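This is what each chain is made of:
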Amino acid sequence: MTQLVPLFIGGEFCQSNSDEWLEVTNPANNAVIAELPCATNDEMERAIQNAHDTFLTWKEVAVSERARLMLRYQHLLKEHHDDLAELLSKETGKTTVDAKGDVWRGIEVVEQATNIASNMMGETVENVATDIDSYSLIQPLGVCCGITPFNFPAMIPLWMFPLAIAAGNTFVLKPSEQVPLTAMRLAELFEQAGAPKGVLQVVHGGKPQVDYLLAHPTIKAVSFVGSVPVAQYIYQTGTSHNKRVQAFAGAKNHMVIMPDANKNQVLSNLVGASVGAAGQRCMAISVAVFVGSSKEWIGELAGEMAKVTPGAWNDDNAGYGPLISKQAKARVVALIDEGKAQGAKCELDGSQCEVDGMPDGNWLGPTLFSGVTTDMSIYQQEIFGPVLVCLEVETLEEAIALINKNPYGNGTSIFTANGAAARKYQHEIQVGQVGINVPIPVPLPFFSFTGWRGSFYGDLHAYGKQAVRFYTETKTVTARWFDGDIPTGPNMTIQLR
Ligand code: NAD
């Protein structure tokens, strides 16, 4: 019998009463590894209500005690780093090394959450008027929720609930229905770290369960990471219910290759950044913009990409794993076919890829297109597969104009030996995360994850100080303590005196 994924409500792992269940599969062979319930309305209500009741006591727990919970949690996550990575590999197909990176980047956010007290300090000004002081208090919002995608089953839930909970909120997590097992393990370890019952709830399902969260008056803030149309829907629906929303969406990340860049560095970084994790990263480089004579390297790039082969998570020679589902693979193959039909030159075609002994996996080989133009669907759409498209321009100015015209703004990078070119690029490019000779510039958690334009809907970003602001409210107090009974007479203005 396949494993039935439980819900986590009120600190208990409980079996759902749902009559609607979804299959969780191993993308390397499409075997069913678990069944996942779509939580009933009653279960959704219980989770939210319990989170609300718990908030009333959790918000009163001392900030240093909340920080200590995060210290214990990061310690346990480190202890279980490798087995978490193994579980994560099974449901995503990620290679061991990549799965470990997914877990590690999440642990780094938990480390940041241990520093919660410093990030919740308000401001004080003494004597804003005679004997009057003003100061601000940073207070939690209440019940927050998170809706996460399939491609980082550890890192992205850990972007959300540790900081929200450390700030004094309670949290309802709805992980991706395609990869719920890692999220459940994260919840188990959180409980083992001593998290009080009810501070974290985990519910499962798809759109109906998300809609329940978005419409519920008790939910104060919504963190979302996923595809563009769903991010737009979440932002519009959540804000129309007067909630605070941060919605991180899809991307088309460009790397600019200047002719003065180190060729070997360009090639090795470009291969890893484009086909690593089968291209299923929101910060993957999916477009290479060759400036001037650097286009002469495209042939060698195809040769380097061809050396990378996909394979099973525990195959040390595998460069990356399968795509998450048959549907995801079919979509990428259709886009590759469209690229060919629209006139791009397919320098390397991975659409017929097979992996020995694993005939049922969702495999795709590295794929490279040159001669791509901005009207082609392989340029316009996020492919989310191991596919790199190459464009050619004559100058840096043209490259900047091209990228600024693209609707997305998650990440970008420039490879160059020229500091002035790099500075011009970082200043003029309208993308929220810029790498200079760094292909995937994901900021560490003392900064924030700052995607722009069509890749982000909201104001305050994930992790770092911005996330603490997102999960809290600022209260400003203006205080006077009378020193004796000095008659002042009525103050008829709004001026402080
Ligand atoms: P997805 O949008 O299909 O699903 C994300 C979440 O939304 C899941 O929990 C899913 O259950 C829920 N969902 C799906 N359809 C919904 C609907 N109609 N209404 C309400 N909820 C719905 O995304 P995915 O395929 O799981 O993840 C891949 C996408 O995520 C890519 O586009 C990738 O670029 C993006 N992503 C972005 C970032 C970022 O930081 N910008 C990070 C990781 C992934």
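Please read these numbers as outputs of a predicted model, since none were measured by experiment. (Residues numbered from 1 in each chain as written. Predicted model: local features only at pLDDT ≥ 70, side-chain atom pairs only at ≥ 80, totals over all residues. Heavy atoms only, no water.)

## Focus on the sheet that holds strand S6 (residues 124–129)
Then comes step 1: Taken in spatial order, the three strands make up an open sheet running S6-S7-S23, and their pairing is antiparallel. Across the chains shown, the open sheet's two edge strands, defined by having one partner strand only, are S6 and strand S23 (472–480). Put simply, the sheet's adjacent strands are angled 30 degrees from each other on average, direction ignored. (Pairing = 2+ DSSP bridges. Helix = DSSP H or I, 4+ residues; strand = E, 2+ residues; numbered from the N terminus. Axes fitted to C-alpha atoms, helices over the stretch in contact; angles between N-to-C directions.)

## Points about helix H3 (residues 81–92)
Then comes step 1: Counted at 1.5 Å a residue, the expected span for H3 with its 12 residues is 16 Å, and the 16 Å between its end C-alpha atoms agrees.
Then comes step 2: Within H3, burial applies to His81, Leu84, Ala85, Leu88, Ser89, Glu91 and Thr92.
Then comes step 3: Where H3 is buried, its residues meet strand S4 (21–26), strand S5 (31–37), helix H2 (63–79), helix H4 (96–113) and helix H7 (180–192).
Then comes step 4: Trailing H3 by a residue or two, Gly93 shows a phi angle of about 85 degrees, which is positive. (Expected span 1.5 Å × (residues − 1). Buried < 20%, exposed > 50% of the residue type's maximum accessible area, 1.4 Å probe, protein only. Contact = heavy atoms within 4.5 Å.)

## Some details on the site of the ligand
Then comes step 1: Around the ligand sit 27 residues, and of these Thr148, Glu177, Ser227, Ala249 and Glu382 come closest.
Then comes step 2: Between Thr148 and the ligand, the recorded distance is 2.8 Å, taken from a backbone N or O atom to an oxygen atom.
Then comes step 3: A distance of 2.6 Å separates an oxygen atom of the ligand from a polar atom in the side chain of Glu177.
Then comes step 4: Summarising the interface, the protein chains cover 87% of the accessible area of the ligand, which totals 840 Å² for the free molecule.
Then comes step 5: Residues that form the shell around the ligand fall into these classes: 15 nonpolar, eight polar and four charged.
Then comes step 6: In terms of domain composition, the shell around the ligand takes at least three residues from each of domain 1 (3–250 + 451–479) and domain 2 (254–407 + 411–436). (Near = heavy atom within 4 Å. Polar contact = N/O pair within 3.5 Å; in protein donor to acceptor, adjacent residues only side chain to side chain. Areas by Shrake-Rupley, 256 points an atom, 1.4 Å probe, with all protein chains shown as cover. Nonpolar A, V, L, I, M, F, W, Y, C, P; charged D, E, K, R; others polar. Domains from an automatic or database assignment.)

## Focus on the packing of H2 against H7
Then comes step 1: Close contact between H2 and H7 brings their axes to 9 Å; oriented N to C, the two are set at 130 degrees. Considering the angle they form, H2 stands oblique to H7. The handedness of the crossing between H2 and H7 is right-handed. Residues Leu69, Met70, Tyr73, Leu76 and Leu77 of H2 pack against Leu186, Leu189, Phe190 and Gln192 of H7.
Then comes step 2: Partitioning the contact of H2 with H7 into residue classes produces eight nonpolar, one polar and no charged. (Parallel < 35°, antiparallel > 145°, perpendicular 65-115°, else oblique. Left-handed = near helix turned anticlockwise from the far one by under 90°.)

## Notes on the sheet that holds strand S19 (residues 412–415)
Then comes step 1: One open sheet holds the seven strands; their spatial order is S15-S16-S17-S14-S13-S19-S20, and the pairing between them is mixed. A single partner strand is all that each edge strand has here, and the edge strands are strand S15 (345–348) and strand S20 (434–436). Adjacent strand axes in the sheet meet at a mean angle of 20 degrees when their direction is disregarded.
Then comes step 2: Sheet topology places strand S13 (residues 253–257) next to S19; four bridges connect them, and they run parallel. Considered in S19, the bridge of His254 is made with Thr412.
Then comes step 3: In the packing of helix H14 (residues 396–405) onto the sheet, contacts are made with S13, strand S14 (285–291), strand S17 (387–393) and S19, and the angle to S13 comes to roughly 180 degrees.
Then comes step 4: The strands that helix H15 (residues 419–428) touches are S13, S19 and S20; relative to S19, the one it contacts most, it runs at about 165 degrees.

## Considerations on the side chain of Ser294
Then comes step 1: Mapped onto the elements, Ser294 comes out in the loop between S14 and helix H11 (298–306).
Then comes step 2: Polar contacts involving the side chain of Ser294 include one to the main-chain carbonyl oxygen of Val291, which spans 2.9 Å.
Then comes step 3: Setting aside its immediate chain neighbours within four residues, Ser294 contacts Ile257, Met258 and Pro259.

## A short note on the pattern of salt bridges
Any two side chains of opposite charge can pair, given that their charged atoms come close.
Then comes step 1: The final tally for this structure, using the stated rule, is 20 salt bridges.
Then comes step 2: Asp337 serves as the salt-bridge partner of Lys340, at 4.0 Å between the closest nitrogen and oxygen. With Lys340 and Asp337 both in helix H12 (residues 326–341) and three residues apart, the pair spans about one turn of that helix.
Then comes step 3: Owing to a relative accessible area of 33%, Lys340 belongs among the partly exposed residues under this scheme.
Then comes step 4: Linking Lys424 and Glu428 is a salt bridge whose minimum nitrogen-to-oxygen distance equals 3.1 Å. Taken together, the residues Lys424 and Glu428, both in helix H15 and four residues apart, mark about one turn of the helix.
Then comes step 5: Given the relative accessible area of 33%, Glu428 is considered partly exposed.
Then comes step 6: In the salt-bridge network here, residues are joined through shared partners; they are Asp337, Lys340 and Asp349. (Salt bridge = Lys/Arg side-chain N within 4 Å of Asp/Glu carboxyl O.)

## What about unusual backbone geometry?
Then comes step 1: The phi torsion at Asn242 lies on the positive side, around 65 degrees, for a residue other than glycine.
Then comes step 2: As for its position among the elements, Asn242 is in the loop between helix H9 (228–240) and strand S12 (244–248).
Then comes step 3: A positive phi is found at Ala278, a non-glycine position, where the angle reads about 55 degrees.
Then comes step 4: Counting through the fold element by element, Ala278 comes out in the loop between helix H10 (263–275) and S14.

## What to know about the domain arrangement of the chain
Then comes step 1: Under the domain assignment, the chain is made up of domain 1 (3–250 + 451–479) and domain 2 (254–407 + 411–436).
Then comes step 2: Computed from C-alpha coordinates alone, the two centres of domain 1 and domain 2 are separated by 31 Å.
Then comes step 3: The partner domain 2 presents 31 residues to the 23 residues of domain 1 that form the contact.
Then comes step 4: The junction of domain 1 with domain 2 conceals about 2,200 Å² of combined surface from both sides, 56% of it contributed by carbon and sulfur atoms.
Then comes step 5: Of all residues in domain 1, the largest losses of buried area upon contact with domain 2 belong to Ala28, Phe150 and Arg453, amounting jointly to 25% of the total for that side.
Then comes step 6: The salt bridge partner of Arg281 is Asp98, with a shortest N-O separation of 3.2 Å.
Then comes step 7: Counting the contacts that link domain 1 with domain 2 gives 12 residue pairs in polar contact (both at pLDDT 80 or more).
Then comes step 8: Contributions of two or more residues to the side of domain 1 that touches domain 2 are made by H3, H4 and strand S21 (452–453).
Then comes step 9: For the side of domain 1 that touches domain 2, the leading source of residues is H3, giving four residues.
Then comes step 10: Its residues assigned to classes, the side of domain 1 that touches domain 2 shows six nonpolar, 12 polar and five charged. (Buried area = accessible area lost by both parts, 1.4 Å probe.)

## Quick look at the nonpolar core
Then comes step 1: Ranked by internal contacts, the top residues of the largest apolar core, which has 66 residues, are Tyr73, Trp159, Phe161, Phe171 and Phe190.
Then comes step 2: Discounting residues that sit within four places of it in the chain, Phe161 has contacts with Tyr73, Phe171, Leu173, Leu186, Phe190 and Leu200.
Then comes step 3: The next biggest cluster of nonpolar side chains, apart from the first, holds 57 residues, and it includes Ala261, Val271, Ala288 and Leu391. (Core = buried A, V, L, I, M, F, W, Y, C linked by side-chain atoms within 4.5 Å.)

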